[in-house]
Amino acid sequence: MADLSTDVRYVKGVGEQRAKALARLGIHTLRDLISYFPRAYEDRRTFKRVIDLQPGENACVRAMVAAEPTLSRIRKGLELVKLRAVDETGALDITFFNQAYRKNDLRRGETYIFFGRAEGSLLRKTMANPVVEREGGGTFTGRIVPIYPLTAGVSQTILMRSVAQGLAACRDQLEDPLPEEVRLSHELCHVGYAYEQIHFPAGEEELAVARRRLVFEELFLLAIGLKKLRRRRDELSCAPWADTDLVDFYAALPFDLTGAQRRAIGEIAADLRSGRPMNRLVQGDVGSGKTMVAAAALVCAARSGFQGALMAPTEILAEQHYQGLAPLLERLGITCGLLTGAMRAKERREVLARLADGELDVVIGTHALISADVSYARLGLVVTDEQHRFGVAQRSALSAKGERPHLLVMSATPIPRTLALIIYGDLDVSVIDELPPGRQKIDTFAVTSAYRQRIYAFLRKEIAAGRQAYIICSMVEKGEEVPDERKAVTEYAAILQEKVFPDLRVAYVHGRMKPREKDAVMAAFAAGERDILVSTTVVEVGVDVPNATVMVVEDADRFGLSQLHQLRGRVGRGQHKSYCILISDNRNEETRRRLKVMTQTGDGFKIAEEDLRLRGPGDFFGRRQHGLPALKVADLSCDMALLKEAQGAAEDLLKRDPELRDHPRTALRVAQLLEVNADAMN
Ligand code: ADP
Ligand code: MG
């Protein structure tokens, strides 16, 4: 039975019942089963004599059951089986909770291996709920065992047994998707060995060898898949746009663009002339001036006779873009409209009509831009700002409103280039790696709440000097319910206003406010009519108030580093010296280290790399938003070197055999991968 697509219920020892339980883990076929990799391992190789057991350590003990186990029912729902096991050095008292069957299972006078955590004292040693195996068993004790992610109804034991059976059924006949020459030249082990050892490693070294091969395989197939996608895209065509003269655009700006901004605009202009739909990511740190790059692209669209849409993730940001760009664009004779969910029906209808009949050249808005009732006369360019906030689906929904429009994605999340290749799949990347001149370093401090009074005094001083401050209020982070959010913000703002700063003007915003109210508060803050803005992370993205110089973040440990970096980017946007104060009473060493990173560098790329290293890409980008296919073994935070190697190998192979004609097994697996991830990747 080597066919990997065999239903898992036909695997020996699995059967109907277990197959149902396994299905809940996404395991349907034999291939799924053997590809269900452990999330961790437990080293159960250490054997100890009872006398040598140290409280708190995990170890195997070979011991004989000295007396009949006893069963007692302490109360409803709590049954204890107790027994004493001995070796030649001492006695170990073992307790099982709610495992009544152990009473008859374990026989007096027989020797077993018990694996567990030793407790008690040096005089009386105990162990609770140990793993038990007959002497010589060697399946669950005396070795490294896999630990699988579980679901109700599937235990580690069931999984281990099922996987072992599955492997036995197909191990010697596994087809290798890696071409033999690639496998050999990169010194990778056999596929069968890799599967065997990733589940049941003989030792650390064997595990490392297996893992390296599987990671390589995964990244190699992914790299080929992405290159194929990209090739497919290169075959698309559209009418090339004529070269646009941007001289008057440059002249209308209040500043000179930086070299990096000009370079990005140049790359975009070349895409637009190429006769192929653009698919470009502009990546630049907060404050690097991405908006002007977007503006230049919008000018190109209008001058080429197309409409351009700029989609921002929040009302505030859409509005701010509109306020900033509309006057500039209109001065160049380009008509500009705003479309958000907060607009009155009448205004909205008017904008929709002007869009549909082509009177508007540019529209700026929130995801209101992709509502079903929005239609465009000739949408030629789609720009999404702060893209990690948008799902791929939203991006393509907007694209679908035009005929293969050019796509420009702006992201303030700096990511290492190699990773960008994977995360953004087939996008081309422009990096804005230069800040506008005159920016000052934002002094950053990580402190405990013991500093609160000093912080308030500092805020007072800055405000007396005419500046403004943000205070980001503790709230439950992503995923959790948010009733807290409103309460946290409003209550904190009220306390500040009444007790701390009765003479200052304290305002607040949170995500639950009506967009209109929120906008009004933001506008008042931006106009300098408020001194302190208490807020949730709604100010995280993009908002621009150059007079604000202090960013205080409460419970800073709750945020990811990249998010803190975004928050910090709200200050230091004008000519005044700015500060960021991160408050956290969390004493966890890892937490302190993370916050320290913030105080040491202002470089978004470094912070992103650190974030990636500490939290992994999943958390970093928000699960499944970014189109990153689920990686089973590879961990992009530490497998960077291997990623490069795999990408290189993929490139070489495609050079030799572009259609993978001589490598049907590789071709098949890549096709499967693209099928599974088709939505995610394009
Ligand atoms: P981000 O990349 O974070 O979106 P913005 O586009 O919001 O950055 O720009 C940040 C601030 O810098 C804005 O106030 C913008 O007007 C200003 N700015 C952008 N480009 C330049 C430049 N070349 N010289 C000076 N200031 C600039
Ligand atoms: Mg921006």
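Residues numbered from 1 in each chain as written. Chains lettered and ligands numbered in written order. Predicted model: local features only at pLDDT ≥ 70, side-chain atom pairs only at ≥ 80, totals over all residues. Heavy atoms only, no water.

Regarding the overall build of the protein chain
For clarity, the threshold we go by: Here a helix means four or more residues in a row that DSSP labels H or I, a strand means two or more in a row labelled E, and each is numbered from the N terminus. We call two residues contacting when some pair of their heavy atoms lies within 4.5 Å. The Shrake-Rupley method, run with a 1.4 Å probe sphere, supplies the accessible areas, and residue values consider only the shown protein chains as cover.
Helix and strand counts for the protein chain come out as 23 helices and 22 strands. A separation of at least 24 residues holds for 73% of the contacts in the protein chain among residues at least 6 apart in sequence. When the accessible area of the protein chain is evaluated, it comes to approximately 30,600 Å², of which 50% is carbon and sulfur surface.

Focus on the pattern of salt bridges
Worth spelling out the cut-off: Each salt bridge in this description consists of a side-chain nitrogen of Lys or Arg and a carboxyl oxygen of Asp or Glu lying within 4 Å of one another. Throughout this description, buried means an accessible area under 20% of the type-specific maximum (1.4 Å probe, protein chains only), exposed means over 50%, and partly exposed covers the range between.
Counted under the stated rule, the structure contains 36 salt bridges. A salt bridge links R124 to D93, with the nearest nitrogen and oxygen atoms 3.2 Å apart. Placement of the pair is R124 in the loop between β6 (111–120) and β7 (125–128) and D93 in strand β5 (residues 90–97), with a sequence separation of 31 residues. Exposure remark for R124: the relative accessible area of 48% places this residue in the partly exposed category. A salt bridge links R213 to E217, with the nearest nitrogen and oxygen atoms 2.6 Å apart. Here R213 pairs with E217, and both are found in helix α7 (residues 204–234), just four residues apart, close to one helical turn.

Regarding the sheet that holds strand β21 (residues 548–553)
To be explicit about the condition: Two strands are counted as paired when DSSP detects at least two bridges linking them. Lines are fitted to the C-alpha atoms to define the axes, a helix being fitted only along its stretch in contact, and any angle between axes, read from their N-to-C directions, falls within 0 to 180 degrees.
On the basis of which strands lie adjacent, the open sheet formed by six strands has the order β17-β22-β21-β18-β20-β19 and parallel pairing. At either end of the open sheet lies a strand with only one pairing partner, and these are β17 (443–447) and β19 (506–509). Recorded for the sheet is a direction-independent mean angle of 15° between the axes of neighbouring strands. Across five bridges, the pairing between strand β18 (residues 468–472) and β21 is parallel. Bridge pairing links I471 to V552 in β21. Its contacts with the sheet place helix α17 (residues 515–526) against β18, β19, β20 (532–535) and β21, and it is angled at close to 140° to β19. Packed on one face of the sheet, helix α19 (residues 589–600) meets β17 and β22 (579–583) and runs near 160° to β17.

Overview of the packing of aromatic side chains
We count it as follows: Only rings of Phe, Tyr and Trp enter the pairing, Trp through its six-membered ring, and a pair is recorded when the two centres are within 6.5 Å. The plane angle decides the type: under 30 degrees is stacked, over 60 is edge-to-face, the rest tilted. The rule for a charge over a ring is simple: NZ of Lys or CZ of Arg within 6 Å of the ring centre, and within 35 degrees of the ring normal.
The full count for this structure, using the stated rule, is nine aromatic pairs. For R262, the ring lying beneath its charged end belongs to Y250, and the centroid distance is 4.8 Å.

Some details on helix α9 (residues 259–273)
Side chains three or four residues apart in an α-helix point the same way, a direct result of the helix having 3.6 residues per turn. Filter applied, for reference: Multiplying 1.5 Å by the residue count of a helix minus one yields the expected span of that helix.
For α9, with 15 residues, the first-to-last C-alpha span of 21 Å sits near the 21 Å given by 1.5 Å per residue. Of the positions making up α9, those classed as buried are A260, Q261, A264, I265, I268, A269, D271 and L272. Check the buried side of α9 and you find it contacts α8 (247–252), β10 (279–284), α10 (290–303), β15 (406–411) and β16 (428–432). Just downstream of α9 lies G275, where phi reads positive at about 85°.

Focus on the pairing of β18
Along β18, five of the five residues are buried, which leaves the element largely enclosed by surrounding structure. Burial along β18 is two-sided: the face carrying Q468, Y470 and I472 and the face carrying A469 and I471 are both buried. Sheet analysis places β18 next to β20, joined by four bridges and oriented parallel. Looking across to β20, one finds that I472 is bridged to S535.

With respect to the packing of α7 against helix α21 (residues 640–656)
The following threshold applies: Orientation is classified from the angle alone, with under 35 degrees giving roughly parallel, over 145 giving roughly antiparallel, 65 to 115 giving roughly perpendicular, and any other angle giving oblique. Crossing handedness is read from the near helix: turned anticlockwise from the far helix by less than a right angle, it gives a left-handed crossing, and turned clockwise, a right-handed one.
In the contact formed by α7 and α21, the axes pass within 8 Å of each other and the chain directions differ by 50°. With respect to each other, α7 and α21 are oriented oblique. The chirality of how α7 crosses α21 is right-handed. Contact with α7, carried on its side by R212, V215, F216, L219, F220, A223, I224, K227 and R231, involves L642, L643, E645, A646, Q647, A649, A650, E651, L653 and L654 of α21 and no other residues of that element.

Digging into the pairing of strand β13 (residues 362–365)
Spelled out, the test is: By convention, orient the strands away from the viewer: a clockwise path from the first strand over the helix to the second makes the crossover right-handed.
A two-sided burial pattern is seen for β13, the buried positions comprising V362 and I364 on one face and V363 and G365 on the other. Pairing of strand β11 (residues 307–311) with β13 involves four bridges; the strand directions are parallel. Bridge pairing in β13 links L310 to I364. Relative to β13, strand β12 (residues 336–339) is paired through four bridges, and the arrangement is parallel. By the bridge assignment, C336 is partnered in β13 with V362. As for the winding sense of the linkage, the β-α-β connection from β12 through helix α12 (residues 345–356) to β13 is right-handed.

Brief notes about the nonpolar core
Note the following rule: Within this scheme, the nonpolar core is defined by two criteria: the residues are buried Ala, Val, Leu, Ile, Met, Phe, Trp, Tyr or Cys, and they are joined through side-chain atoms within 4.5 Å.
L22, L159, F216 and F220 are the most contacted members of the largest nonpolar core, which totals 59 residues. For this core, the elements supplying multiple residues, two or more each, are α1 (15–23), α2 (30–34), α4 (156–170), α6 (191–199), α7, α21 and α22 (664–676). In terms of residues, this core owes the most to one element, α7, which gives 13 residues. Every residue in contact with F220, bar those within four places of it in the chain, is listed here: L178, P179, V182, A646, A649, A650, L653 and T666.

Description of the site of ligand 1
Under the convention used in this document: Here a residue is near a molecule or strand as soon as one of its heavy atoms is found within 4 Å of it. Between N or O atoms, a polar contact is any pair within 3.5 Å; within protein, one atom must be a potential hydrogen donor and the other a potential acceptor, and residues adjacent in sequence are included only when both atoms are from side chains. Amino acids are sorted into nonpolar (Ala, Val, Leu, Ile, Met, Phe, Trp, Tyr, Cys and Pro), charged (Asp, Glu, Lys and Arg) and polar (every other residue, Gly among them).
In the neighbourhood of ligand 1, 16 residues make up the surrounding shell, with G287, K290, T291, R439 and D544 lying closest. In this structure, D256 approaches ligand 1 through a main-chain N or O atom, which is 2.8 Å from a nitrogen atom. Isolated, ligand 1 exposes 560 Å² of accessible area, and the fraction of that covered by the protein chains is 85%. Residue composition of the shell around ligand 1, by class: four nonpolar, six polar and six charged.

Things to note about the environment of L226
Tracing the sequence through the fold places L226 in helix α7. Remark: the alpha-carbon pair of L226 and A650, spanning 424 residues in sequence, is separated by 10.0 Å.

Quick word on the confidence of the model for the protein chain
Formally: A residue's pLDDT is the predictor's confidence in that residue, given on a scale from 0 to 100.
Averaged over all residues, the pLDDT of the protein chain is 86; the fraction at 70 or higher stands at 89%. Residue range residues 476–483 is modelled with pLDDT below 50. Its contacts to residues more than four positions away, or to other chains, number twelve contacts.

A short note on the side chain of D361
With respect to the helices and strands, D361 occurs in the loop between α12 and β13. Classification of D361 by relative accessible area gives buried; the value is 14%. Ignoring sequence-local partners within four residues, the contact set of D361 consists of A302, F306, Q307, G308, G333, I334, T335 and R378.

Focus: α19
Inclusion rule: In this context, the arc is that of the directions from the helix axis out to the C-beta atoms.
When the terminal C-alpha atoms of α19 are compared, their 16 Å separation across twelve residues agrees well with the 16 Å that a helix rising 1.5 Å per residue should span. Looking at α19, one finds that the buried residues are T591, R594, L595, V597 and M598. Around the axis of α19, the buried residues are gathered within 140° of arc, so they sit on the same side. Across α19 from its buried face, at more than 90 degrees, point the exposed residues E589 and Q600. At the N-terminal end of α19, a side-chain oxygen is found 2.7 Å from the backbone nitrogen of E590, two or three residues along, and the residue is N588.

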